[in-house]
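A structural walkthrough
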Amino acid sequence: MNRRRFTFAAGAALLAPGRAHPDALAPALLALQTGGCALLMRHAATEPGIGDPPGYRLDACSSQRNLSPAGREQARRAGVWLAQRGVAFDSVFSSRWCRCVDTASLMFPGQPVEVLEALNSFFDDGSPRERQTAALRSWLGTLEGSRRVALVTHQVNILALTGDNLAMGGAVVVQPDRRGGVRSVGRIDPGG
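The shown structure was predicted, so the numbers you read here are calculated from the model rather than taken from an experiment. (Residues numbered from 1 in each chain as written. Predicted model: local features only at pLDDT ≥ 70, side-chain atom pairs only at ≥ 80, totals over all residues. Heavy atoms only, no water.)

A word on the overall build of the protein chain
The cut-off we apply is this: Under the scheme used here, helices are H or I runs from DSSP no shorter than 4 residues and strands are E runs no shorter than 2 residues, and both carry numbers assigned from the N terminus. Only protein chains enter the calculation, and the probe is 1.4 Å; a residue is then buried if its accessible area is under 20% of its type maximum, exposed if over 50%, and partly exposed in between. In what follows, a contact means two residues having at least one pair of non-hydrogen atoms within 4.5 Å. Only the protein chains shown count as cover for residues, and the accessible areas themselves come from Shrake-Rupley with a 1.4 Å probe.
Along the protein chain, the regular secondary structure elements total six helices and six strands. The order of helices and strands in the protein chain, counted from the N terminus, is α-α-β-α-β-α-β-α-β-α-β-β. Across the 192 residues in the protein chain, those meeting the buried criterion constitute 48%. If you take every contact in the protein chain between residues at least 6 apart in sequence, the share linking residues at least 24 apart comes to 67%. Accessible surface for the protein chain amounts to roughly 9800 Å². Of this, 55% is attributable to carbon and sulfur atoms.

Spelled out as structure tokens, the structure:
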């Protein structure tokens, strides 16, 4: 591989969303095993498209862009990956969108999934961005002790809170910073 091609490939790898370098996993996994943190995950892979079809309804999954068969398997693998590393969650929360609820349900079968409004997408209407991000930041600030929560949401929500641009199925581990904010501990790709 010539130098120019290597430089391009290395740069593209650094800019690609979602993939964490294996050495970067250690702090995130340690935080998940210890607790006092949240796994903030983008829903698993969906059918092709951007956003939702025109006229979609939150009370009708068939009207939304949903998980693909590969995404359903990705979510199952993510749950197994976490369990194999001794990571269990006290609570699981999701956006109201079916692709998020389905991701959470497939990752954590038998565990209740609660809708947390602060995780709802604002892709179609950016006006609630600041309010929802502040509400999520505040909610995360209430994590105490060794509590661990899993949160399944959308790319726009994660980007607004942490600045991380994750691929579908990617996740970032976050902790309250005790100053009213949230700090990223590291990225993981549990379904990868």
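Structure shown, so let's carry the discussion forward.
Notes on the state of the cysteines
Put simply, the test is: Cysteine sulfur atoms are paired as a disulfide whenever they come within 2.5 Å of each other.
Summed over the entire model, instances satisfying the criterion amount to one disulfide. The disulfide partner of C61 is C98, and the gap between their sulfur atoms is 1.9 Å. Disulfide C61 to C98: torsion about the S-S bond roughly -75 degrees, handedness left-handed. Residue C61 is located in the loop between β1 (37–42) and α3 (69–84), and its partner C98 is located in helix α4 (residues 98–107); the two are separated by 37 residues in the primary sequence. Here C61 falls in the partly exposed class, since its relative accessible area comes to 38%. Left without a disulfide partner, C100 is nearest to the cysteine sulfur of C98, which lies 9.3 Å away.

Here we look at the pattern of salt bridges
For the record, the criterion: Definition used for salt bridges: Asp or Glu carboxyl oxygen within 4 Å of a side-chain nitrogen of Lys or Arg.
Applying the stated rule across the entire model yields eight salt bridges. When the shortest N-O distance is used, the salt bridge between R187 and D164 registers 3.0 Å. Residue R187 is located in strand β6 (residues 182–188), and its partner D164 is located in the loop between α6 (155–162) and β5 (171–176); the two are separated by 23 residues in the primary sequence. A salt bridge links D177 to R179, with the shortest nitrogen-to-oxygen separation between them at 3.5 Å.

Comments concerning α6
For α6, the set of buried residues is V156, N157, I158, A160 and L161. Structurally, α6 contributes buried residues whose contacts are with β1, α5 (129–140), β4 (148–153), β5 and β6. One or two steps after α6, the chain reaches G163, where phi turns positive at roughly 85 degrees.

Focus on the packing of α5 against α6
To be explicit about the condition: Note on geometry: axes are lines fitted to C-alpha atoms, helical ones only across the stretch in contact, with angles between N-to-C directions running from 0 to 180 degrees. Under this scheme an angle from 65 to 115 degrees is roughly perpendicular, one under 35 degrees roughly parallel, and one over 145 degrees roughly antiparallel; angles in between are oblique. Crossing handedness is defined as follows: a turn of the near helix away from the far one that is anticlockwise and smaller than a right angle gives a left-handed crossing, while the clockwise case is right-handed.
Two elements in contact, α5 and α6, have axes whose closest approach is 10 Å; the angle formed by their N-to-C orientations is 70 degrees. Taken as axis vectors, α5 and α6 run roughly perpendicular relative to one another. With respect to the hand of their crossing, α5 and α6 are arranged in right-handed fashion. Here R129, Q132, T133, L136, R137 and L140 of α5 lie close against α6, whose contacting residues are N157, A160 and L161.

Observations regarding the nonpolar core
Spelled out, the test is: Nonpolar cores were defined as sets of buried Ala, Val, Leu, Ile, Met, Phe, Trp, Tyr and Cys residues, with membership established by side-chain atoms within 4.5 Å.
The biggest cluster of nonpolar side chains holds 27 residues, and the ones touching the most others in it are L32, L39, L82, F89, M107, V173 and I188. Elements represented by at least two residues in this core include exactly α2 (25–34), β1, α3, α4, β4, β5 and β6. Residues L119, L140, V172 and V174 belong to the second largest nonpolar core, which totals 18 residues.

Some words on the layout of surface pockets
Stated formally: A 1.4 Å probe that fits into a set of points on a 1 Å grid over the protein atoms alone but cannot get out defines a cavity; an open set with protein on both sides within 12 Å along at least five of seven lines defines a pocket, and lining residues are those with an atom within 4 Å of a point. Grid points are joined across faces, edges and corners, and a volume is the space filled by probe spheres set on the points. Polar here means any residue other than Ala, Val, Leu, Ile, Met, Phe, Trp, Tyr, Cys and Pro, which are nonpolar, and Asp, Glu, Lys and Arg, which are charged; Gly is therefore polar.
The calculated volume of the largest pocket comes to roughly 300 Å³. Looking at the largest pocket, it is lined by 21 residues, and the ones nearest its centre are G51, R65, R99, S121 and F123. Taken together, the residues that form the lining of the largest pocket break down as eight nonpolar, seven polar and six charged.

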